[in-house]
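Tertiary structure, described
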Amino acid sequence: MNKFQYSPPKNAPKSSEELIEDLQLVAKKLNTRKITQKLYTEHGKFNCSTFINRFGTWNKSLLKAGLQLSNIVSYSDEKLFENILNVWQKKGAQPTRRDMNTTMSEISSGAYNRRFSSWTSTIKEFIAYANSKEISAIKNEASQVSGSKTSRDPSLRLRFHVLKRDNFSCVQCGASPAKDQKVVLHIDHIKPWSKGGETEISNLQTLCQNCNLGKSNIE
Ligand SMILES: [Zn+2]
């Protein structure tokens, strides 16, 4: 059915019908019934978050529009937790369900709900995971080169504990993503790993990108 489309101003409130119509339009235009959030962002008129706020999840929006559910990707727990830590690090505070549906997160809250049934239980599982004992520092081949006993990259648990100890702020200048979204935090080896410094909590610190780059320029 071809018809003229009324285009309301971009920031006007959208009716559910308008949202669904545009979703269907994109499906028609691209000649596919599988519309991912990425595809819709490239071709649609509205923000995916508008759909999620209105209908609950992206898949529910697809159902409303009579479209196929996008392929459900299942992630490993490690990957799910890693993404939470990344968002936690970017935000500088415990992420909310809503944060998971912003550009800070690679995985949407839907995936967490499928795995852990709610956001509250997701966070509880994450904390339990982060607090569980490190199995043991993994020794890899590269570590023989540097003389360090531990591998270079801190595990997710270790990263979480360093960030938490340092209040998700740079230990040198105090910058924190909670105060300034532009701040990016790094986990830094106090004694460089390449010089035999170990990847363990006492040799790790939180630095913002600026301080960390400044440090590597001096070395
Ligand atoms: Zn700093």
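Residues numbered from 1 in each chain as written. Predicted model: local features only at pLDDT ≥ 70, side-chain atom pairs only at ≥ 80, totals over all residues.

1. So, the overall build of the protein chain
Of the regular secondary structure elements, the protein chain holds 10 helices and 2 strands. For the protein chain, the succession of helices and strands along the chain, N to C, is α-α-α-α-α-α-α-α-α-β-β-α. When the 219 residues of the protein chain are sorted by exposure, 24% land in the buried category. Partitioning the contacts of the protein chain with sequence separation of at least 6, the portion at a separation of at least 24 is 51%. (Helix = DSSP H or I, 4+ residues; strand = E, 2+ residues; numbered from the N terminus. Buried ≥ 20, exposed ≤ 12 C-beta atoms within 10 Å, placed from the backbone. Contact = placed C-beta atoms within 7 Å.)

2. Looking at the environment of S49
Within the secondary structure layout, S49 lies in helix α3 (residues 48-55). The exposure class assigned to S49 is partly exposed, which follows from the 14 C-beta atoms found within 10 Å. Taking the C-alpha atoms as reference, S49 lies 9.4 Å from R98; in sequence the two are 49 residues apart.

3. Topic: the nonpolar core
The biggest cluster of nonpolar side chains holds 12 residues, and these are L19, I20, L23, V26, A27, I35, Y40, F51, I52, W58, L62 and A65. Those elements that place two or more of their residues in this core are α1 (16-30), α3 and α4 (58-64). For this core, the element with the most residues is α1, which contributes 5 residues. Here W58 is in contact with Q37, C48, F51, I52, S108 and G110, once residues within four sequence places are set aside. Grouped together as the second largest cluster of nonpolar side chains are 8 residues, F81, V87, Y112 and F126 included. (Core = buried A, V, L, I, M, F, W, Y, C linked by C-beta atoms within 7 Å.)

4. As for the environment of E17
Turning to its location among the elements, E17 is positioned in helix α1. C-alpha of E17 to C-alpha of A65: the two residues are 48 residues apart in sequence and 9.4 Å apart in space.

5. What about unusual backbone geometry?
Even without a glycine there, the phi angle at N31 is positive, about 55°. Along the chain, N31 falls in the loop between α1 and α2 (37-43). At F168, a position not held by glycine, the phi torsion is positive, near 50°. With respect to the helices and strands, F168 occurs in the loop between α9 (156-165) and β1 (185-189).

6. A short note on α1
Here α1 is 15 residues long and its end C-alpha atoms lie 21 Å apart, about the 21 Å a rise of 1.5 Å per residue gives. Restricting attention to buried positions, one finds in α1 the residues L19, I20, D22, L23, V26 and A27. All buried residues of α1 lie within an arc of 160° about the axis, which places them on one face of the element. Residues E17, K28 and K29 are exposed on α1 and point more than 90 degrees away from its buried face. Contact partners of the buried residues in α1: α2, α3 and α4. (Expected span 1.5 Å × (residues − 1). Arc of directions from axis to C-beta.)

7. Details of the packing of helix α6 (residues 109-116) against helix α7 (residues 119-131)
Here α6 crosses α7 at 75°, and the two axes come no closer than 9 Å. As the angle between them shows, α6 and α7 are arranged roughly perpendicular. Contact with α6, carried on its side by S109, Y112 and F116, involves W119, S121, T122 and E125 of α7 and no other residues of that element. Among the residues forming the contact of α6 with α7, the class breakdown is 3 nonpolar, 3 polar and 1 charged. (Axes fitted to C-alpha atoms, helices over the stretch in contact; angles between N-to-C directions. Parallel < 35°, antiparallel > 145°, perpendicular 65-115°, else oblique. Nonpolar A, V, L, I, M, F, W, Y, C, P; charged D, E, K, R; others polar.)

8. Some details on the confidence of the model for the protein chain
Looking at the protein chain as a whole, its pLDDT mean stands at 85, while 85% of the residues score no less than 70. Low confidence marks residues 135-143, where pLDDT is under 50. Its contacts with residues over four positions away, or in another chain, come to 14 contacts. (pLDDT = per-residue confidence, 0-100.)

9. Quick notes on the environment of S105
When you line up the elements, S105 lands in the loop between α5 (77-91) and α6. Remark: the alpha-carbon pair of S105 and K90, spanning 15 residues in sequence, is separated by 9.3 Å. Not counting residues within four places of it along the chain, the set of residues in contact with S105 comprises N83, V87, D99 and M100.

10. Some details on the pairing of strand β2 (residues 204-208)
Counting buried residues along β2, 4 of its 5 residues qualify, which places the element largely inside the surrounding structure. As paired elements, β1 and β2 share 5 bridges and run antiparallel to each other. Counted as the bridge partner of D188 is Q205 from β2. (Pairing = 2+ DSSP bridges.)

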